[in-house]
Amino acid sequence: MSISGAEDPRQSKNQRREAAREKAKQLRESQRKKDVRNRVILISSLSVVVIAIIVGVTLVITSTIRPAGPGPANMASDGIQIGAGLVAVQTPALAAGEDPVPTVNDPDSGVVDIRTYVDYLCPFCGQFEATNNEQMTEWIESGAATVEVHPLSILDRASLGTRYSTRAANAASCVANYAPDQFWAFNKLLFDNQPEENSEGLDDATLKELVGEAGVTDQNTIDTCIDDVEFRGFVADSTSRALQDPLPGTDEPVKGTPTVLVNGQKYEGSITDADAFAAFVVQVAGEAYDTSTSTPTPTPTPTPAQEPAPAETPAPTEAPAG
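In this report, we go over the structure that sits alongside the text. (Residues numbered from 1 in each chain as written. Predicted model: local features only at pLDDT ≥ 70, side-chain atom pairs only at ≥ 80, totals over all residues. Heavy atoms only, no water.)

1. Quick word on the pairing of strand 4 (residues 145-152)
Here's step 1: Counting buried positions along strand 4 yields eight of eight residues, so the element is predominantly enclosed.
Here's step 2: On strand 4, burial covers both faces: Ala 145, Val 147, Val 149 and Pro 151 on one face and Thr 146, Glu 148, His 150 and Leu 152 on the other are all buried.
Here's step 3: Across eight bridges, strand 3 (residues 112-119) lies against strand 4 in parallel orientation. Within strand 4, the residue paired with Asp 113 across the bridge is Thr 146.
Here's step 4: With helix 2 (residues 123-142) bridging strand 3 and its parallel neighbour strand 4, the resulting β-α-β unit is right-handed. (Buried < 20%, exposed > 50% of the residue type's maximum accessible area, 1.4 Å probe, protein only. Helix = DSSP H or I, 4+ residues; strand = E, 2+ residues; numbered from the N terminus. Pairing = 2+ DSSP bridges. Right-handed = clockwise from strand over helix to strand, strands pointing away.)

2. With respect to the sheet that holds strand 4
Here's step 1: Taken together, the six strands give an open sheet; going across it, the order is 2-1-4-3-5-6, and neighbouring strands pair in mixed fashion. Edge positions in the sheet fall to strand 2 (87-88) and strand 6 (265-266), since each has one partner strand and no second.
Here's step 2: By the bridge criterion, two bridges tie strand 1 (residues 80-83) to strand 2 in an arrangement that is antiparallel. Bridge pairing in strand 2 places Gly 83 opposite Val 87.

3. Remarks on the packing of helix 4 (residues 183-192) against helix 5 (residues 204-213)
Here's step 1: Between helix 4 and helix 5, the least distance of the axes is 9 Å, while the angle of their chain directions is 135°. As summarised for this structure, helix 4 and helix 5 are arranged oblique, according to the angle between their axes. Classified by chirality, the crossing of helix 5 by helix 4 is right-handed. Seen from helix 4, the contacting residues are Phe 186, Leu 189 and Leu 190; seen from helix 5, they are Leu 207, Leu 210, Val 211 and Glu 213.
Here's step 2: The residue inventory of the contact of helix 4 with helix 5, partitioned by class, reads six nonpolar, no polar and one charged. (Axes fitted to C-alpha atoms, helices over the stretch in contact; angles between N-to-C directions. Parallel < 35°, antiparallel > 145°, perpendicular 65-115°, else oblique. Left-handed = near helix turned anticlockwise from the far one by under 90°. Contact = heavy atoms within 4.5 Å. Nonpolar A, V, L, I, M, F, W, Y, C, P; charged D, E, K, R; others polar.)

4. What about the environment of Gly 79?
Here's step 1: Secondary-structure assignment places Gly 79 in the loop between helix 1 (13-64) and strand 1.
Here's step 2: In this structure the C-alpha to C-alpha distance between Gly 79 and Pro 151, which are 72 residues apart in sequence, comes to 7.0 Å.
Here's step 3: For Gly 79, the residues in contact, after removing those within four places along its chain, are Asn 74, Glu 148, Val 149 and His 150.

Structure follows, in structure tokens:
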């Protein structure tokens, strides 16, 4: 029994030609199917790569440029006001894109309105706080004054890429939101432990330790807020507003830090002379209120002599990174 094929000598010339054509046809069809299969595999592989790239890019974008979210509670004015007994004045959170609501103080109350605009990396802010925190605390506790603190993120460029000003202002916002009555203590701790300019600043773990030292009760929630930089968008927006728009009750924006307003009047005296600041507060209070009122009025408190400060050129400002 024999098997006939294209090379079978018993086939005629025409039969061998047809067999060759059939074999070529089969080879072409096999190659076509192979090409289609390879093309499908290639397209599928490219699709997976493209999807992976898109997902990666999306994660990078969302992690660095988050959509605007609500601001922290108790900072509707872009700052948090601390009143009698060091208790924070509670306000609702700003919705995304909502304009801040300036704090309105009753002129008949006899309570002095002090507002500070600070960057936690600014050495001049640290000097002002070291000089005046004790007497401002006394005024607040006695009900003679309120202090409204506005944390800004101007000096991010001076923290070797760690964006310390933003992280510190965010941490302060976290405390304002979740533990407002501990804000004044946390604010002081940030300045007591202030890092130098052109350093990496305090790391997040240290910021969390300071939160604990301030006596908060919701430590875990605030830790998460610090890790997630929950109020980064709010910090950037409030800083932009402070640098670009006239401050409430004034005709100019922040031009340097610290900017300190007393009943709307800018303090331009020494930041290392507690008596000078106290005298300014008393002067402004006397201009606005009847000195016969029974409400206690801040009075200068003698303090130990301070070391002379460097030239009090306001810290340079810059628009916050987007």
